[in-house]
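Spelled out, the chains give:
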Amino acid sequence: MRAVDIIIKKRDKQELSGPEIEYFIRGYTAGEIPDYQAAAWAMAVLINGMTSRETTDLTLAMAYSGETLDLSRVVSIALDKHSTGGVGDKTTLVVEPIVAACGLPVGKMSGRGLGFSGGTLDKLESIPGYRTNLTTEEFLQQLAEDGLVLTGQTADLAPADGKLYALRDVTGTVQSILLIASSVMSKKIAAGGQAIVLDVKVGLGAFMQTLDEARSLARLMVDIAHLADRKAVALLSDMNQPLGHAVGNAMEVREAIDTLHGNGPSDFRQHCLEIASHMLVLGGKAETDTLGRKLAQEALANGTAWERFKRLVVRQGGDVRFVEEPQRLPQAPLIRMVESPDSGYIERIDAREVGETAVTLGAGRARKGETIDHAVGIEILHKVGDFVQAGQPLFVVHARNEADFEAACQQLLAAHRWSHEAISPLPHFYGVIR
Ligand code: URA
């Protein structure tokens with residue numbers, strides 16, 4: 001076999017066989033197929049597509065390109081969740097302790113933020129001492145003993161995807177539903193989760209801008225999961241405006257803690273309950289979403305989810321005083337509220353613009369490997385559909401200095417749009433793909 005023949009075949013819109021896909025992925029991971037050939041192949045796939053069989057073969061080839069975890073050795077069913085990325089999305093911090101409190105083991109490997117979209121690891125690292133680099137042995141031992149793990153991806157998990165994703169990022173080939181689905185699912189399959197809830201975001205602050213695209217991605221990921229013998233369900237959720245109020249690492253941890261105490265913004269709480277309810281159904285703890293939601297609500301109300309979160313922090317080396325007294329988490333030196341310049345119904349709070357502003361403040365990274373500022377961020381005080389009077393608080397900026405505050409303020413005002421006509425609130429969810 002030769003890499004060039006595989007590229008030509010895809011260029012000419014032909015279907016690749018399983019062995020051809022495996023040869024290509026194995027060769028690329030081993031460094032025998034160079035970046036320029038992989039880039040040409042990725043572009044051919046982006047333009048000409050793949051069948052669902054090819055997509056599954058690609059996913060499995062990437063999943064088995066490195067270490068794979070067999071969690072059935074340590075627990076009878078391990079639950080996992082995955083979000084396709086959003087702004088203010090701190091759902092994992094609340095949902096995983098809820099599900100663990102309801103008696104289902106949760107083992108999750110999370111990622112870092114890139115661009116306007118935040119990442120769970122960065123949020124967790126605002127808790128001093130919290131370790132996000134557990135070894136595979138530590139991951140398995142903690143899952144067996146504690147039933148809850150939240151760490152970073154080990155270097156050897158789906159290395160083909162790591163390499164290919166970095167290449168796609170600089171060759172204009174990220175935006176392929178087939179390549180996104182196989183990239184996400186290769187990591188999920190390698191990480192060993194047996195039942196996975198996929199939170200597929202749609203809207204201004206998401207990879208998928210339209211409902212049709214989001215639905216196709218969700219359908220494909222669920223099908224791949226089933227073909228790989230995993231249970232999966234996908235929820236299509238709104239990402240036109242930020243989720244909850246807080247956008248920024250330590251600020252999002254504080255909001256998650258608030259929610260674990262039964263408070264927190266209503267949209268965020270509803271979001272967490274919905275995701276948790278589907279995880280509880282997939283894991284066999286509840287027969288219906290409604291019963292799952294009831295269990296999840298109880299775990300918040302009786303404090304067991306909060307206790308699980310604290311135990312997680314302690315187990316992974318974090319200083320629990322910082323979550324017991326969240327005001328001790330990093331705080332920016334300049335915290336200033338900004339008033340609404342206009343009266344009217346809020347028509348748009350552009351999630352992408354808000355995410356970009358958080359990056360400008362230092363909360364995110366434009367390039368892989370950059371350091372971030374855990375203290376800075378934004379509180380968006382309203383939701384689409386709210387009526388605000390001119391002079392009423394609109395948002396709060398947490399900045400390092402005056403110049404950063406001014407820049408953020410301009411960006412955030414531009415992200416808001418007012419209407420004189422009444423505006424309906426945005427839905428939280430657009431559907432479920434089973
Ligand atoms: N997230 C991933 O993990 N992979 C993609 O291709 C896009 C988003």
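For the structure itself, look to the data block above.
Only a predicted model underlies this, so the values are computations on that prediction, with no experimental measurement involved.

Caption draft 1: Broad picture of the sheet that holds strand 7 (residues 334-339). In space, the 4 strands of this open sheet follow the order 6-9-11-7, with antiparallel pairing throughout. Two strands close off the open sheet at either side, each with one partner strand: strand 6 (246-247) and strand 7. Direction of pairing for strand 7 relative to strand 11 (residues 393-399): antiparallel, over a ladder of 6 bridges. Its bridge partner being in strand 11, Val 338 is matched across the sheet by Phe 395. Across the face of the sheet, helix 16 (residues 351-361) comes into contact with strand 6, strand 9 (377-380) and strand 11 while running at roughly 150° to strand 9.

Caption draft 2: Geometry of the pairing of strand 1 (residues 79-83). The buried count for strand 1 comes to 5 of 5 residues, which makes it a mostly enclosed element. In this structure, strand 1 lies alongside strand 4 (residues 195-202), joined through 5 bridges in parallel fashion. Residue Asp 80 lies in a different strand from strand 4, and its bridge partner there is Ile 196.

Caption draft 3: Examining the packing of aromatic side chains more closely. For the coordinates displayed, the defined rule picks out 3 aromatic pairs. Here Trp 306 and Phe 309 contribute two aromatic rings whose centre-to-centre distance is 6.1 Å and whose plane-to-plane angle is 25°, an arrangement assigned as stacked. Taken as a pair, Trp 306 and Phe 309 lie in helix 14 (residues 304-315) at a separation of 3 residues, close to a single helical turn. Side by side, Trp 306 and Phe 309 carry an identical accessibility label, which is buried. We note Lys 90 situated over the ring of Phe 268; from NZ or CZ to the ring centre the distance is 5.0 Å. For the cation-ring pair, Lys 187 lies above Tyr 165, with the distance from its terminal atom to the ring centre recorded as 5.5 Å.

Caption draft 4: Region of the structure containing the side chain of Asn 240. One can find Asn 240 in the loop between strand 5 (231-238) and strand 6. What Asn 240 contacts, discounting residues up to four positions off in sequence, is Val 202, Gly 203, Leu 204, Ile 349, Asp 350, Ala 351, Leu 426 and Tyr 430.

Caption draft 5: Seen up close, the sheet that holds strand 8 (residues 344-349). Taking strand neighbours across the sheet as the criterion, the 3 strands line up as 10-8-12 in an open arrangement whose pairing is antiparallel. Each edge of the open sheet is held by one strand with a lone partner, namely strand 10 (387-388) and strand 12 (416-419). As paired elements, strand 8 and strand 12 share 4 bridges and run antiparallel to each other. Pairing of Ile 349 across the sheet is with His 416, part of strand 12. Against the sheet, helix 17 (residues 402-415) makes contact with strand 8 and strand 12, and its axis sits at roughly 40° relative to strand 12, the strand it touches most.

Caption draft 6: Main features of the pattern of salt bridges. Evaluation of the coordinates by the stated rule reveals 32 salt bridges. Linking Asp 161 and Lys 187 is a salt bridge whose minimum nitrogen-to-oxygen distance equals 3.0 Å. Of the two residues, Asp 161 sits in helix 8 (residues 159-169) while Lys 187 sits in helix 9 (residues 177-190), which places them 26 residues apart along the sequence. Each member of the pair Asp 161 and Lys 187 is classed as buried. Across the pair Lys 383 and Asp 267 runs a salt bridge, and its minimum N-O distance is 2.9 Å.

Caption draft 7: A look at the site of the ligand. Close to the ligand lie Tyr 165, Arg 168, Ile 180, Ser 183, Val 184, Lys 187 and Phe 207. One nitrogen or oxygen atom from the side chain of Arg 168 is found 2.9 Å from an oxygen atom belonging to the ligand. A distance of 2.6 Å is found between a nitrogen atom of the ligand and a side-chain nitrogen or oxygen belonging to Ser 183. In isolation the ligand has 240 Å² of accessible area, and contact with the protein removes 89% of it. Broken down by secondary-structure element, the contributors of at least two residues to the shell around the ligand are helix 8 and helix 9. Top element by residues in the shell around the ligand is helix 9. It accounts for 4 residues. Broken down by class, the residue content of the shell around the ligand amounts to 4 nonpolar, 1 polar and 2 charged.

Caption draft 8: Structural view of helix 3 (residues 35-48). In a regular helix each residue adds 1.5 Å, so 14 residues correspond to 20 Å; helix 3 covers 20 Å between its end C-alpha atoms and thus fits that length. Among all positions of helix 3, only Gln 37, Ala 38, Ala 39, Trp 41, Ala 42, Ala 44 and Val 45 are buried. Directly beyond the C-terminal end of helix 3, a positive phi value near 75° is found at Gly 49.

Calculation notes
- Residues numbered from 1 in each chain as written.
- Predicted model: local features only at pLDDT ≥ 70, side-chain atom pairs only at ≥ 80, totals over all residues.
- Heavy atoms only, no water.
- Pairing = 2+ DSSP bridges.
- Helix = DSSP H or I, 4+ residues; strand = E, 2+ residues; numbered from the N terminus.
- Contact = heavy atoms within 4.5 Å.
- Axes fitted to C-alpha atoms, helices over the stretch in contact; angles between N-to-C directions.
- Buried < 20%, exposed > 50% of the residue type's maximum accessible area, 1.4 Å probe, protein only.
- Phe/Tyr/Trp six-rings, centres within 6.5 Å; stacked < 30°, edge-to-face > 60°.
- Lys NZ or Arg CZ within 6 Å of the ring centre and 35° of its normal.
- Salt bridge = Lys/Arg side-chain N within 4 Å of Asp/Glu carboxyl O.
- Near = heavy atom within 4 Å.
- Polar contact = N/O pair within 3.5 Å; in protein donor to acceptor, adjacent residues only side chain to side chain.
- Areas by Shrake-Rupley, 256 points an atom, 1.4 Å probe, with all protein chains shown as cover.
- Nonpolar A, V, L, I, M, F, W, Y, C, P; charged D, E, K, R; others polar.
- Expected span 1.5 Å × (residues − 1).

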